[in-house]
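# Fold and contact review
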Protein chains: 2
Amino acid sequence: MTTFDDFVTPYGLVSKVDAFGYLDYLKAHPSERKRPGQMVLVTADTPLKASRGEGKTTTTIALVDALCARGLDAVAVLRQPSMGITAAGSKGGASGGGKSSLAHPELADWGLCGEMAAIENAQNLLVSFAEKAVDEGQLDTILVPRVSEVPSRALRQIAVDRGKANIAERVVLTPTCELMQILVLSRSMEELSARVGAMTAGTLDGQPVRFGDFIDLWRITNLLGGAVQPAMMTTQAGSTVYMHAGPFGNVSLGIPSLVSVELALARHDIVVVEAGYGADAGAQKWLDIAAREFGAPWPAAAVVVTRATTWRDDPALRWRYPFHVNRLEGLGIPAFPLVNLWEGEDGERGELEETAATLGFRKPIMGNLFRDGGPALTPQLDDFLAALEAGQTGSGVSQDPGLAEQGHSQAESLHSHKGMDLLEQLKWVADSAYGVRAERVIAGPSFADSLAQAQDLCEKQGLSLNDLVPLAVKSPATMTDDDRAPESERSVTLKKVEPHTGAGLVQVNLTTSLTTPMPKIV
Amino acid sequence: MTTFDDFVTPYGLVSKVDAFGYLDYLKAHPSERKRPGQMVLVTADTPLKASRGEGKTTTTIALVDALCARGLDAVAVLRQPSMGITAAGSKGGASGGGKSSLAHPELADWGLCGEMAAIENAQNLLVSFAEKAVDEGQLDTILVPRVSEVPSRALRQIAVDRGKANIAERVVLTPTCELMQILVLSRSMEELSARVGAMTAGTLDGQPVRFGDFIDLWRITNLLGGAVQPAMMTTQAGSTVYMHAGPFGNVSLGIPSLVSVELALARHDIVVVEAGYGADAGAQKWLDIAAREFGAPWPAAAVVVTRATTWRDDPALRWRYPFHVNRLEGLGIPAFPLVNLWEGEDGERGELEETAATLGFRKPIMGNLFRDGGPALTPQLDDFLAALEAGQTGSGVSQDPGLAEQGHSQAESLHSHKGMDLLEQLKWVADSAYGVRAERVIAGPSFADSLAQAQDLCEKQGLSLNDLVPLAVKSPATMTDDDRAPESERSVTLKKVEPHTGAGLVQVNLTTSLTTPMPKIV
């Protein structure tokens, strides 16, 4: 008899799971599929600085350890950290901290099983094939960027074939590339291959040319190899963690692969999923892109991580945290504040609880998770579990898209925006996720040109730009052009449009984002 | 009790071996070290085209399968193929062919366990740190190149920070970088780390600056992670194969890591080691660099692979194959011609045997290894095994450097050239490995300048350039400026010198080599 173990291969200190194979197997053997688990989304306040997280990974690990300590069947699904900025010292890893850590944080932080490197090689190979197509007259303009996971400001703008053709190019960080987005969204090797084939390689005499028109797609899928398989590992306390696909919720998807979450939901009762940066980044992308447009599960509850200091220290930015909590509650997702206390902050519990009550929040969950780990949370989870229970019995929302009609807000949230004018979709995002009303969504000076070019590029491929799902590319530390401005003056400036026809996304640069984010090494 | 298995970790379809740990363990427990096995070097004729091998990997696999079929304890040690050119379709993989293949050629050809990608990331991270050092005034000129395994001609010459500083840079293929050379030559993580620290990052006001002066070396060793561990796998017939480190014997070392060979010799009686391209490339590098200067084992025998066509078709190049066989024999290494027959060539056996006899060779071993695999060789190995036996009993040369004094030619061959004038060393290589006498070794127009700069760079670090081991960088398809010229007119032009102070090598570009070999995708 086939079991899950048949889809698992030991891979050094972790295991790799053939998620495509296992999910296919369950589809073919529906009797072996148990009632799917409930998904909990871990998101956070918008961080004050891009380089300082609020502790989402630490919280996710502590929460799963606490749930397991209560005898529940809970697991975590994490994004893979970006080795580049960890290696360079620009940012800590994303493998938890202190007692709330992975058993092998060094593996997660330093390249895992080579997944990111395989994606980097595959995306760069696509560029090489595009170059060859230029030589052979099949292309005259290349539209896919080279990638590097190692950060280097000097790579943001480069010229290749120096001294001869001197072609201007840009290099972007690997986790933000279209191939990573395709890997996050694809549910089979066939889908992945078809999406690579549908990537726009460039143009010839202004006509778009897709990779499927001139390359052997098997070369790319071979190269990706094991990168499509989630890694399975444990926390220091022994809880199960799946880790798969890239970070950077501000400039890309910033969520784990859909198959890693679906695999976990097929096997466990509670699946705690981390999405990147603040609720305006990863959570917005999970809800509005993954769940609504790509059929990913809807959260049964959310945990919104913050630090006492983030919540308190900057009065001009204090509106952001309640905005995030209220947005999720407004979508029918029970949203639990979680305060990740640092050393010396234990005394602030009372004050934090009062603030939460004043703001109409659910009772906050608090703990020094670095110092105390999961046990700090174990006794505080009654309300959280009651909310999950309520979701399970149908009195709340459900994670199962098939049950989408049950809750009004969820049904509405899962109604696709495809076909809606792109500008209207962006105004909707600005309003619902950033609190900026339609009239204050402003087109920057070159936006109209960029939009027209993107529309043209899509139409010539028989696509409507409005059918691609908008993906905001923005700073992790701000939701609007100036988050410190009074509410009525906050705006969002639209800067640039870049269709990713393979991923089915259209990237739209907002506010102060770096379009080619290669951080300086610090 | 500790066993070898304690140093082995399953890693997907292969296993990874902690070779550093195992060899350390044997050093600390000499009683558990058995008499070391004998090393057989598989080399080849200089190929007619760079893109077409003679079948060394196929031969290595067939030979090991044949030896195992005779009940002998034989294994193979292979270099890792370059994924980039395989993926791009420029060259077949290096995982054997037909019945003489690895059990999982797709793994070997498409990135193995991410070793090459980790080396690529680590070398590129070094460049990023060098950039940071420029920003901080610790460097003004960067001397380490970025690398890419994916081939792209346009990357040979690039400009970074386009539109601002416009700094000219070059990108070289990952397998050829100094970090790969360090990985091939290092016998412990401490040695590796010290060698990275001794790499010349660049200069400040003309004074060389080493990486050890300004970076955390642990970041590089962390990033390399599992890349230091050889992979252990099997042939289709079930023989054991170790695979570790990079290809390209023409422009780099092109040999497996020293620890992978030493690990195999500590565990098996016959260890068949493949070195890259022709005998003028990989074999020259094994003998003159690895064995003579870095204490690697001396071959007990060699197999010199050729194809019937290479041997026959081009009269002007027909001198090369006997030259290689005779050089090895002259060094006291029994050198067996091996003809890798292709379809339709079975009828040529008689003629090939006659030619071999005329040339004074040992009886050639022949077979269609793609079609027939190891069994084609099994009955032909009596002479070969007798030669090994003779070596074992001391009547010939030995692979054990400790016994170097036994054979005159071996002792001479293992006498270090360190301290000898670099130009004299190069003349020695040209004479012994390419058949070009000293007076026909010519300095190209910019060689003297390049040599002076390299000497200066070394002296300012308290090193003598003459203490670095010369490593030829050349075309795989030629040994001299024109191999078709009559012997007395053949020359070698010296073009450029590039010290690799970390690896302890000095690269010298000869003949028609590409200094930054980024092949065109074909």
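Definitions and limits used
- Residues numbered from 1 in each chain as written.
- Chains lettered and ligands numbered in written order.
- Predicted model: local features only at pLDDT ≥ 70, side-chain atom pairs only at ≥ 80, totals over all residues.
- Heavy atoms only, no water.
- UniProt positions renumbered as here; feature names shortened; annotations may be inferred.
- Helix = DSSP H or I, 4+ residues; strand = E, 2+ residues; numbered from the N terminus.
- Buried < 20%, exposed > 50% of the residue type's maximum accessible area, 1.4 Å probe, protein only.
- Contact = heavy atoms within 4.5 Å.
- Pairing = 2+ DSSP bridges.
- Least-squares fit on C-alpha atoms with pLDDT ≥ 70 in both.
- Buried area = accessible area lost by both parts, 1.4 Å probe.
- Salt bridge = Lys/Arg side-chain N within 4 Å of Asp/Glu carboxyl O.
- Polar contact = N/O pair within 3.5 Å; in protein donor to acceptor, adjacent residues only side chain to side chain.
- Nonpolar A, V, L, I, M, F, W, Y, C, P; charged D, E, K, R; others polar.
- Disulfide = S-S within 2.5 Å.
- Axes fitted to C-alpha atoms, helices over the stretch in contact; angles between N-to-C directions.
- Domains from an automatic or database assignment.
- Phe/Tyr/Trp six-rings, centres within 6.5 Å; stacked < 30°, edge-to-face > 60°.
- Lys NZ or Arg CZ within 6 Å of the ring centre and 35° of its normal.

As named in an unreviewed UniProt entry, chain A is formate--tetrahydrofolate ligase, taken from Bombiscardovia nodaiensis. Per UniProt, chain A has the following entry under Pathway (unreviewed entry): "One-carbon metabolism; tetrahydrofolate interconversion."

## Some details on the environment of A283(B)
Residues and elements named next belong to chain B. Tracing the chain through its elements places A283 in helix α10 (residues 279-294). Residue classification places A283 among the buried residues on the basis of a relative accessible area of 1%. Once the C-alpha coordinates of A283 and T43 are considered, the two residues, 240 residues apart in sequence, prove to be 6.0 Å apart. Every residue in contact with A283, bar those within four places of it in the chain, is listed here: L41, T43, A275 and G278.

## Quick word on the pairing of strand β15 (residues 240-243) of chain B
Residue and element names in this part refer to chain B. By the bridge criterion, three bridges tie strand β4 (residues 74-78) to β15 in an arrangement that is parallel. Residue pairing across strands places L78 opposite M243, the latter belonging to β15. Bridge count for strand β14 (residues 231-234) against β15 is four bridges, and the pairing is antiparallel. Bridge pairing links M233 to V241 in β15.

## Details of the relation of the copies chain B and chain A
Superposing chain B onto chain A takes a rotation of 180° combined with a translation of 0.0 Å along the rotation axis, leaving an RMSD of 0.0 Å. Expressed as an axis order, the relation between the two copies is that of a two-fold axis. Minimal C-alpha distance to the rotation axis in chain B is attained by Y11(B), lying at 2.0 Å. Comparing interface residues between copies, 100% of those in chain B also sit at the interface in chain A, which points to an isologous, same-surface contact.

## Focus on the interface of chain B and chain A
Listed as interface residues are 43 residues of chain B and, on the opposing side, 44 residues of chain A. Counting each side, the surface lost to burial between chain B and chain A is near 3800 Å², with a carbon and sulfur contribution of 59%. Here chain B is connected to chain A by two salt bridges. For D135(A), the salt bridge identified is with R153(B), shortest N-O distance 2.4 Å. One can count 21 residue pairs in polar contact (both at pLDDT 80 or more) joining chain B with chain A. At ten residues, helix α5 (residues 115-135) of chain B tops the list of elements feeding residues into the side of chain B that touches chain A. Classifying every residue of the side of chain B that touches chain A by side-chain character gives 21 nonpolar, ten polar and twelve charged. Bridging between strand β9 (residues 158-160) of chain A and strand β9 (residues 158-160) of chain B involves three bridges; their strand directions are antiparallel. Counterpart to A159(A) in the pairing with β9(B) is A159(B).

## Some thoughts on the state of the cysteines
Enumeration according to the criterion identifies zero disulfides over all chains in this entry. C113(A) forms no disulfide, and the closest cysteine sulfur to it belongs to C113(B), at a distance of 9.3 Å. This cysteine, C458(B), is not joined by any disulfide, and C177(B) carries the nearest cysteine sulfur, 19 Å off.

## So, the sheet that holds β9(B)
Pairing in this open sheet of four strands is antiparallel, and the strands run β10(A)-β9(A)-β9(B)-β10(B) from one edge to the other. At either end of the open sheet lies a strand with only one pairing partner, and these are β10 (167-169) of chain A together with β10 (167-169) of chain B. Each neighbouring strand pair of the sheet contributes to a mean axis angle of 30°, computed without reference to strand direction.

## Details of the domain arrangement of chain A
All names here are of chain A. Each domain of chain A was delimited in the assignment, giving domain 1 (35-103 + 235-395), domain 2 (115-226) and domain 3 (422-510). Taking the mean C-alpha position of each, domain 2 and domain 3 sit 23 Å from one another. Taken together, the contact between domain 2 and domain 3 spans 16 residues of the former and 13 residues of the latter. When domain 2 packs against domain 3, the two sides together hide about 1100 Å² of surface, and 46% of this comes from carbon and sulfur. On inspection of domain 2 and its partner domain 3, the count reaches one salt bridge. E498 is the salt-bridge partner of R170, the closest N and O atoms lying 3.2 Å from each other. Connecting domain 2 to domain 3 are 13 residue pairs in polar contact (both at pLDDT 80 or more). Elements with a contribution of two residues or more to the side of domain 2 that touches domain 3: α6 (178-185), β12 (200-204) and β13 (207-210). Looking at which element gives the most residues to the side of domain 2 that touches domain 3, the answer is α6, with four residues.

## Section: the packing of aromatic side chains
Per the counting criterion, the structure on display carries 17 aromatic pairs over all chains. Taken together, a centroid distance of 6.0 Å and an interplanar angle of 75° make the contact between W218(A) and W110(B) edge-to-face. Residue W218(A) is located in helix α8 (residues 217-224), and its partner W110(B) is located in the loop between α4 (105-109) and α5; the two belong to separate chains. Since its relative accessible area comes to 45%, W218(A) is described here as partly exposed. Of the residues examined, W110(B) reaches a relative accessible area of 12% and is grouped as buried. Between the aromatic rings of F7(B) and Y22(B), the centroid separation amounts to 5.6 Å while the plane-to-plane angle is 65°, which identifies the pairing as edge-to-face. One end of the pair, F7(B), is in the segment before β1 (8-11); the other, Y22(B), is in helix α1 (residues 19-28), and 15 residues separate them in sequence. Since its relative accessible area comes to 8%, Y22(B) is described here as buried. Among the aromatic residues, those joined into a cluster by ring pairs are F4(A), F7(A), Y22(A) and Y25(A). When the ring centre of Y11(A) is taken as reference, the NZ or CZ atom of K16(A) above it lies at 5.9 Å.

## Some points on unusual backbone geometry
All names here are of chain A. Residue D205 is not a glycine yet carries a positive backbone phi of 50°. Along the chain, D205 turns up in the loop between β12 and β13. Judged by its relative accessible area of 65%, D205 is exposed.

## What about the environment of V273(A)?
Residue and element names in this part refer to chain A. Structurally, the position occupied by V273 is in strand β16 (residues 270-274). Residues V273 and A76, 197 residues apart in the sequence, show an inter-C-alpha distance of 5.9 Å. Setting aside anything within four residues of it in sequence, one finds V273 in contact with M39, V40, L41, V42, V77, P256, V261 and W286.

## Points about the pattern of salt bridges
All names here are of chain A. Under the defined criterion, the tally for this structure stands at 48 salt bridges over all chains. For R292, the salt bridge goes to D288, with nearest N and O atoms at 3.4 Å. Taken together, the residues span about one helical turn, with R292 and D288 both in helix α10 (residues 279-294) at a distance of four residues. With respect to burial, R292 and D288 carry one shared label: buried.

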